[in-house]
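Here's the letter readout for the chains.
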Amino acid sequence: MSVSSDQKVLSAVDPDIAKVVGDEERRLRENIVLIASENYASAAVLSATGSVLTNKYAEGYPGRRYYAGTENVDVAETIAIDRAKELFGAEHVNVQPHSGSQANMAAYFSVLKPGDRVLGMSLDHGGHLTHGSPVNFSGKLFEFGHYGVDIESEQLDYDAVAKVAEEFRPKLIVCGYTAYPRTIDFARFREIADSVDAYLLADMAHIAGLIAGGAHPSPVGHAQIVTSTTHKTLRGPRGAMALTTADLARKYNSAVFPNMQGGPMMHSIAAKAVAFREAAQPEFKEYASAIVQNAQSLSGALAAGGLRIVSGGTDNHLMLVDVRPTGLTGKEAEAALHVAGIVANKNTIPDDPQPPMVTSGVRIGTPAVTSRRMDTSDMETVAGFILDAVKSAGDDSALASIKTAVAKFASQFQVPGLDDA
Ligand code: DSN
C-alpha cells in the first residue's frame, strides 16, 4: 500500500490524526530541519514501519521464541542482524532495543551490578542523560564519575580522561556523545579502559550513519559494546540496536530480554533491516561525506557572520553555536529560529553560565538537510537565514518575512519518505 492510500484510509477513519500527519508533512517540507539527531526515513523504511508486522508478539530471539507463528518475523530479525553485522563488521548484533536509552540500559546490565562505578562525559559537556545524569536511571543505579572537554580547546583531552579514570577506577567507561562536534579516538579510549581494567561502551547513536558511510572511524574492534539508535544519521526507523563482542552476546541478549523488555517491535526491526540495506549502498557513502561537508560549510559561514563555533569548527554532522555574541540566550535564539521556520535546539556549551533550560548555545546538525540533497552552496543560504533570524529576534514581522523566504527555499528540495513514495 502506498503512503497516499494509507492516508486516505486514515482520513476516513480518523480525520483528527490524519490532519496531524498532513500538518507534519507540510512542516517537514517548508521548514529547514537542523536538529542534529533527526532525519527523514525513506518511503521503504516507512512502509516496513507501517506494516502488519506490528501485530506480532515474538518474545525471545529468532528460532527460540515464546510464541507460535513467528516464522515470518524470524526471517526479518535474522536479516536485520546479518545486515548490521556486515555493515559494521560486528561479531554480534541485537536489534531489539526500542530506544537508545534502553540499548544503554541493557549495556550496563550486561557487565555491571547496581552500585558499580562508571565513567562518562558530563551532560553539560555533550554526554547523554543515560551517561549518568542524576535524574536518570543510570545516575540512580550506578555510581557515575564524569569527565568533560578541555575548557580551552573545548575538545577531549585524552590524557585528562586517563587521569580521571586512574583516580576513579570505573568498571565501565562510556564514550560517544550527543553534542560533541569532533572526531572520537576510540582506540585511545580502549587504551584508557584497559589501563584501569574497565569495559568500554561506545554510544555511537549520533554518528552511526557517518560510521556506516566511512565518514568517521568505527568503535567496533575497540569498544566491547557499541550502542546506537537507528533513526539519526543512519536514517532508519525510530529504535536502537547494540553491537557486541561474541563473548558478551548471551549477556547482552538476556539483558534486553527477559531482563528489560518484553515483545520486540517486529515492524521496527524489519524497518531497521531496510535501513541497513540502504546504508550499505554506495550512495550512502556519498551521503555520509556530504553531511560532514555541509556541516563544515555551515559552521564556516556562521562563524564568518559573527557567531562563535564551539571548539572552532566540526569534524562531524553537528556544530555547537555560542550565540552570546548576538546578545541572545540559546532559548531566545531557538525561539527566533523557530518562528522563522528553522528548527534547531538550544544546547549547553562547555561550562555554560546559563541553566540547561536557557543555555548559551544552539546545536545545529546537517543530516536532515543533506537527506533533502542540499549542498555546500545551499548551506551558505541556510547560514544567511540563521544569521538574519537571530538578528531579528523579537521583531515578529521580520521573522515572518524570513519564514516566507525559508518556506520558498526549502520547498524546492525533495522530502524523503514523501517524494520517493
Ligand atoms: N534526544 C537525542 C538528541 O537529540 O541528541 C539524544 O537521545
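Above this text is the structure in question.
Residue positions within a chain follow its written sequence, with the count starting from 1. Owing to the predicted nature of the model, reporting of local features is limited to residues with pLDDT of at least 70; listing and counting of side-chain atom pairs is limited to 80 or more, with chain, interface and lining totals taken over all residues. In computing side-chain values, all of the structure's heavy atoms are included and hydrogens and water are not.

### With respect to the site of the ligand
Residues are counted as near a molecule or strand when any one of their heavy atoms sits within 4 Å of it. Surrounding the ligand, one finds S37, H128, T178, H206, K232 and R363. A 3.5 Å cut-off defines polar contacts: any pair of N or O atoms within that distance qualifies, except that in protein one atom must be a possible hydrogen donor and the other a possible acceptor, and neighbouring residues in sequence count only when both atoms are side-chain atoms. Here H128 contributes a side-chain N or O atom positioned 3.0 Å from an oxygen atom of the ligand. Accessible areas in this description were obtained via Shrake-Rupley with a 1.4 Å probe; residue shielding takes into account the shown protein chains only. Relative to its free-state accessible area of 230 Å², the ligand is covered by the protein chains to the extent of 63%. Cavities and pockets are defined on a 1 Å grid built over the protein atoms alone: a cavity is a set of grid points where a 1.4 Å probe fits but cannot escape, while a pocket is an open set with protein on both sides within 12 Å along at least five of seven lines, and lining residues are those with an atom within 4 Å of any such point. Molecule-in-pocket calls rest on the fraction of atoms, with more than half required to lie within 2 Å of the cavity or pocket grid points. Of all the cavities here, the one that holds the ligand is the second largest pocket. When the residues that make up the shell around the ligand are grouped by side-chain class, the tally is no nonpolar, four polar and two charged. In this classification, the charged set is Asp, Glu, Lys and Arg, the nonpolar set is Ala, Val, Leu, Ile, Met, Phe, Trp, Tyr, Cys and Pro, and all remaining amino acids, among them Gly, are polar.

### Here we look at helix α15 (residues 376–391)
Taking 1.5 Å as the rise per residue, α15 with 16 residues should run 22 Å; its terminal C-alpha atoms sit 23 Å apart, in good agreement. Buried, partly exposed and exposed residues are distinguished by accessible area as a fraction of the type maximum, computed with a 1.4 Å probe on protein chains only: under 20%, between the cut-offs, and over 50%, respectively. Here a strand is any run of E in DSSP of at least two residues, a helix any run of H or I of at least four, and the numbering for each starts at the N terminus. Among the residues making up α15, those that are buried are D378, M379, V382, A383, F385, I386, L387, A389 and V390. Each residue after the first adds 1.5 Å to the expected span of a helix.

### Structural notes on the sheet that holds strand β11 (residues 308–309)
Pairing is antiparallel across the open sheet formed by four strands, whose spatial order is β11-β12-β15-β14. Lying at the two open borders of the sheet, with one neighbouring strand each, are β11 and β14 (345–347). The sheet contact formed by β14 and strand β15 (residues 361–365) spans three bridges and is antiparallel. Across the sheet, residue N345 finds its bridge partner in β15, namely R363. Contacts are residue-level and defined by heavy atoms, with any inter-residue pair within 4.5 Å sufficient. In this analysis an axis means a line fitted to C-alpha atoms, helices contributing only their contacting stretch, and an angle means the value between N-to-C directions, from 0 to 180 degrees. Seen against the sheet, helix α12 (residues 282–304) touches β11, β12 (318–322) and β15 and runs at an angle of roughly 15° to β12. One bridge is not enough; two strands pair if DSSP finds at least two bridges between them.

### Digging into the pattern of salt bridges
Each salt bridge in this description consists of a side-chain nitrogen of Lys or Arg and a carboxyl oxygen of Asp or Glu lying within 4 Å of one another. In total, this model carries 18 salt bridges according to the counting rule given. Where E166 meets R169, a salt bridge forms, and the shortest distance between an N and an O atom there is 3.2 Å. On the accessibility criterion, E166 (44% relative accessible area) is partly exposed. For the salt bridge of D322 with R308, the shortest nitrogen-to-oxygen distance reads 2.9 Å. Of this pair, D322 sits in strand β12 while R308 sits in strand β11, and the two are 14 residues apart along the sequence. Because the salt bridges share partners, they merge into one network encompassing E154, R308, D322 and R324.

### Some remarks on the nonpolar core
Only buried Ala, Val, Leu, Ile, Met, Phe, Trp, Tyr and Cys residues count toward a nonpolar core, and they belong to the same one when joined by side-chain atoms within 4.5 Å. One finds F88, Y147, L156, I173, Y177, F189 and M204 to be the most contacted residues of the largest nonpolar core, which totals 53 residues. Of all the elements, helix α4 (residues 71–88) adds the most residues to this core, at six residues. Ignoring anything within four residues of it in the chain, the contact list for Y147 reads L119, G120, M121, S122, L156, V161, V174, C175, Y177 and F189. Core analysis: the second largest hydrophobic core is formed by 36 residues, I32, L307, L328 and I364 among them.

### Comments concerning a nonpolar patch on the surface
Nonpolar side chains (Val, Leu, Ile, Met, Phe, Trp, Tyr) within 5 Å and like charges within 9 Å form the patches, drawn only from residues with over 30% relative accessible area and no salt bridge. On the surface, Y57, Y66 and Y67 cluster together to form a nonpolar patch covering roughly 400 Å² of accessible area. The class of Y67 is partly exposed, set by a relative accessible area of 38%.

### Here's the deal with the pairing of β15
Summarising burial for β15: five of the five residues are buried, a large majority. Side chains G361, R363 and G365 of β15 all project onto a buried face; the interleaved residues V362 and I364 project onto the opposite face, where all are buried too. Strand direction decides the pairing type here: β12 and β15, joined by five bridges, are antiparallel. Paired with V321 across the bridge in β15 is V362.

### Structural notes on the packing of α4 against helix α11 (residues 266–279)
Close contact between α4 and α11 brings their axes to 8 Å; oriented N to C, the two are set at 35°. In this structure, α4 crosses over α11, and the sense of that crossing is left-handed. Across the interface between the two elements, V73, A76, E77, I79, A80, R83, A84 and L87 from α4 touch M266, I269, A270, A273, V274, F276, R277 and A279 from α11. Of the residues contributing to the contact of α4 with α11, the split by class is 13 nonpolar, no polar and three charged. Note: crossing handedness is left-handed where the near helix turns anticlockwise from the far helix by less than a right angle, and right-handed where it turns clockwise.

### Examining the sheet that holds strand β4 (residues 92–94)
One open sheet accounts for seven strands, arranged β4-β10-β9-β8-β7-β5-β6; its pairing is mixed. Every interior strand has two partners, whereas the edge strands, β4 and β6 (143–147), have only one. Each neighbouring strand pair of the sheet contributes to a mean axis angle of 20°, computed without reference to strand direction. Contacting β6, β7 (172–175) and β8 (199–203), helix α8 (residues 186–195) runs over the sheet at an angle of about 150° to β8.

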